[in-house]
Amino acid sequence: MNGAPSLRTPSQRIAWTTTIVASTLVFFFLMAPILAIMPLSFSSGSYLTYPLPGLSLRWYEDFIGSPRWMMSLKNSMIIGVAATVLSMVLGTLAALGLAQWKSKFKPLVLAVVLSPVVVPGVITAVGLYFFFAPIGLTGSYLGLILAHTALATPFVVIPVSATLQSFDMNLARAAASLGASPLYAFRRVILPLILPGLASGALFAFATSFDEVIIVLFMAGPEQRTLPREMFSGMRENISPTITAAAVILTTVSVILLATLEGLRRRNERLKGNSA
Amino acid sequence: MAEAFLTGTDAPTGVPLKRRLRRAERARQFKALALILPLLLFLLFTFLGPIAGMLWRSVDDWEVGKVLPHTVAALADWDGKDVPDEKAYAALADDIQAARAAGTIAIASKRLNYALNGFRTILASTARNLKAAPEPGTAKETLGKINPAWGERATWTAIKGASGPITSFYLLAALDLTRNVDGAIVAAPPDQAIYRDLFARTFTISFGVTVLCLILGFPVAYLLAALPPGRSNLLMIFVLLPFWTSLLVRTCAWIVLLQKEGVVNDSLRWLGIIDEPLRLIYNRFGVVVAMTHVLLPFMILPLYSSMKAISPAYMRAAASLGASPVTAFLRIYLPQTLPGIGAGCLLVFILALGYYITPALVGGAPDQMISYFIALYTTETVNWGLASALGAVLLFATLLLAAVYGKLVSGQQVTGGMKN
């Protein structure tokens, strides 16, 4: 295999072949479930197995025709977009502040800001359930948006901070010395340069909210059920092919997000002029 | 003079330069803090507050003090050696009548029933039979006639133990411990001692998943690190796509694959390997397979970045010095991947500990992990104290491991989504 490290001895060649075989099996393990579920959603029959009796879009029609599924898709979008916007504002401001703040408390503040990532979902959900129920925030969009924002903000702070680290603050000083107001300098100099970081932060934030189900399980009323929540109840009962259609729709959203992120990364590498 | 020059006190503006610089820096720091503050306040309300509230609930013990306030007051100076005196009995009779009028008996009996099994019946029968008008004889005799349990020390110990305002009851229960009638901490009765097993099961599953992820992830990370960037970027899609695919979708896919009439069983039957469908899901096997699938990217990514940082020159140097490939791998390559192995294993283990959705959907009753019980006690049986205590133990374990992880990867950038 070309591109492999220099292989001189037979034992090295065996080791390399083993690596390739093992990796192929693992890649198969990683991809097979996702690839296997997709064609089933196009089946004309209602059994979730192969061979398919025929192809049809009936399960997608079922999905689109079902008020329950469509409402859940709409809810996922509303909550996802709102949580993304809110976490972008809070996360970007915090990242800008953290880049300049010097204090012995900085590691502590950073740990607090990033802690929603580490704490198990059930603990956050139970805490929020106890906390939000008495003030009427359970069973409301606002409660879910606030909770998802808390979970998503670390995923904004991390990439934006990383971009700011490579940002040359002298550029902001140069803008100021040329007479730009701080706001103007931010808009015309800082913002365009940290935009890739912001964009990947937004994608991560949206994906976090779009995929979240534990908090929704605890806090959503029947009116706020999201797509993953609807899938969860469907999987508790008998899995209908409509769920596989929902799964394909969710996966398509993930692929679009991933492709956008990958595009951003490539663009960034090109701009930096290296391949690190 | 020299001192005045150095401190800048003779500056023309009257304000020393040093102080002005310090003031400017302080203003800058203040502005920076003002940018961080909105997020901190937001997290205080939506994250830290709720978690602190949950921790508080694991020790909060308000029910009995609220429903039976006079009894609690009367028991304050009871030494607990024998049944309390008439004062406590009279207070209890008053409290029960008041609580019956207010309809709050159930609140106290639920809490007391945790402390002493059967307390619900004792309180219910007492509330039912206690006459409004005082009967002849002491309150002690009246209550003893209604239910002989009032003549037992354990009944009163239970009330005193639950009189609040805080209790170690739930936290002890989460560790299979309880207090006996003398207040000493002892092992809980076997029918209630299920939580150590639960923690052991949670740790076993998490550990097994971590080991599997390491075994499966190592060759992949090695391959990705060894290949030239163009190829490895292409293969990386096979890792990143599952990583980005919704947890629900992946769990759903495993159910479709592994269920009785699922793809795997049908294929195996079609191939003639099996006659009867294998039981592949709603058991431990299904949980471990699905969790390994979900968590594998969290192992591969840190392993890959640590391997990517190892210069091939080291291996060449080892070979030129006469090391066999195996020796070079074991002595030169492997030790350099240890930080990556440590980070990956800790990350996978931490995430696995708190798993809820996947075991809930693909596991059977004996495969449920701690998160499942926290959710169960919160929404189904409404034992919030115990739910919070189990949550506190899980949170403590997670934060401890996360602190180790933080030390391990300090300086490294943390990326990736958390899905559980």
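Residues numbered from 1 in each chain as written. Chains lettered and ligands numbered in written order. Predicted model: local features only at pLDDT ≥ 70, side-chain atom pairs only at ≥ 80, totals over all residues.

1. As for the interface of chain B and chain A
Across the contact, 80 residues belong to chain B and 83 residues belong to chain A. If you tally residues by element for the side of chain B that touches chain A, the top one is helix α2 (residues 17-57) of chain B, at 20 residues. Class assignment for the residues of the side of chain B that touches chain A results in 55 nonpolar, 18 polar and 7 charged. (Contact = placed C-beta atoms within 7 Å. Helix = DSSP H or I, 4+ residues; strand = E, 2+ residues; numbered from the N terminus. Nonpolar A, V, L, I, M, F, W, Y, C, P; charged D, E, K, R; others polar.)

2. Focus on helix α5 (residues 86-102) of chain B
What sets the pattern is the α-helix's 3.6 residues per turn: residues three or four places apart point alike. Residue and element names in this part refer to chain B. For α5, spanning 17 residues, the distance from its first C-alpha to its last is 24 Å, which sits close to the expected 24 Å at 1.5 Å a residue. Those residues of α5 lying buried are Ala88, Tyr89, Ala91, Leu92, Ala93, Asp95, Ile96 and Ala99. The inward-facing, buried residues of α5 abut α3 (63-67), α4 (69-75), α6 (105-115), α7 (119-129) and α8 (139-146). Positive phi appears at Gly103, one or two residues downstream of α5, with a value of about 70 degrees. (Expected span 1.5 Å × (residues − 1). Buried ≥ 20, exposed ≤ 12 C-beta atoms within 10 Å, placed from the backbone.)

3. As for the packing of helix α10 (residues 227-236) of chain A against helix α13 (residues 247-258) of chain B
Each packed pair of helices is defined by two parameters, the angle between the axes and the distance between the axes. It is at 10 Å that the axes of α10(A) and α13(B) come closest, and there the two elements cross at 20 degrees. In terms of orientation, α10(A) lies roughly parallel with respect to α13(B). With respect to the hand of their crossing, α10(A) and α13(B) are arranged in left-handed fashion. Of the residues in α13(B), those touching α10(A) at A:Pro228, A:Met231, A:Phe232 and A:Met235 are B:Leu248, B:Cys252 and B:Ile255. When the residues that make up the contact of α10(A) with α13(B) are grouped by side-chain class, the tally is 7 nonpolar, no polar and no charged. (Axes fitted to C-alpha atoms, helices over the stretch in contact; angles between N-to-C directions. Parallel < 35°, antiparallel > 145°, perpendicular 65-115°, else oblique. Left-handed = near helix turned anticlockwise from the far one by under 90°.)

4. Quick notes on the packing of helix α11 (residues 195-226) of chain B against helix α17 (residues 325-353) of chain B
All names here are of chain B. In the contact formed by α11 and α17, the axes pass within 9 Å of each other and the chain directions differ by 140 degrees. Judged by the angle between their axes, α11 and α17 are oblique. The crossing of α11 and α17 is right-handed. Facing α11, whose interface residues are Thr202, Ile205, Ser206, Phe207, Val209, Thr210, Cys213, Leu214 and Gly217, α17 presents Ile341, Gly344, Cys345, Val348, Phe349, Ala352 and Leu353.

5. Overview of the environment of A:Ser11
Inspection of the secondary structure assignment puts A:Ser11 in helix α1 (residues 10-40). It is 57 Å that separates the C-alpha atoms of A:Ser11 and A:Ala172, two residues lying 161 residues apart in sequence.

6. Section: the environment of B:Pro229
On the secondary structure map, B:Pro229 appears in helix α12 (residues 229-244). Separated by 174 residues in sequence, B:Pro229 and B:Ala403 place their C-alpha atoms 33 Å apart.

7. Examining the environment of A:Val112
Mapped onto the elements of the fold, A:Val112 is located in helix α4 (residues 106-118). Residues A:Val112 and A:Pro154, spaced 42 residues apart in sequence, show a C-alpha to C-alpha distance of 9.7 Å. With residues near it in sequence (within four places) discarded, A:Val112 still touches B:Leu40, B:Leu43 and B:Leu48.

8. Observations regarding unusual backbone geometry
Across the junction of A:Tyr50 and A:Pro51, the peptide omega takes the value -5 degrees, indicating a cis bond. Within the secondary structure, A:Pro51 sits in the loop between α1 and α2 (58-65). Positive phi, normally seen in glycine, also occurs at B:Tyr282, with a value near 60 degrees. Positionally, B:Tyr282 belongs in the loop between α14 (263-270) and α15 (284-308). One non-glycine residue with positive phi stands out, namely B:Val382, at about 50 degrees. Its place among the elements puts B:Val382 in the loop between α19 (370-379) and α20 (384-409).

9. Some words on the nonpolar core
Ranked by internal contacts, the top residues of the largest apolar core, which has 190 residues, are B:Cys252, B:Leu295 and B:Val348. It is α15(B) that provides the largest number of residues to this core, a total of 15 residues. Residues in contact with B:Cys252, not counting those within four places in the same chain, are A:Ile37, A:Met231, A:Met235, A:Ile239, A:Ile243 and A:Ala247. (Core = buried A, V, L, I, M, F, W, Y, C linked by C-beta atoms within 7 Å.)

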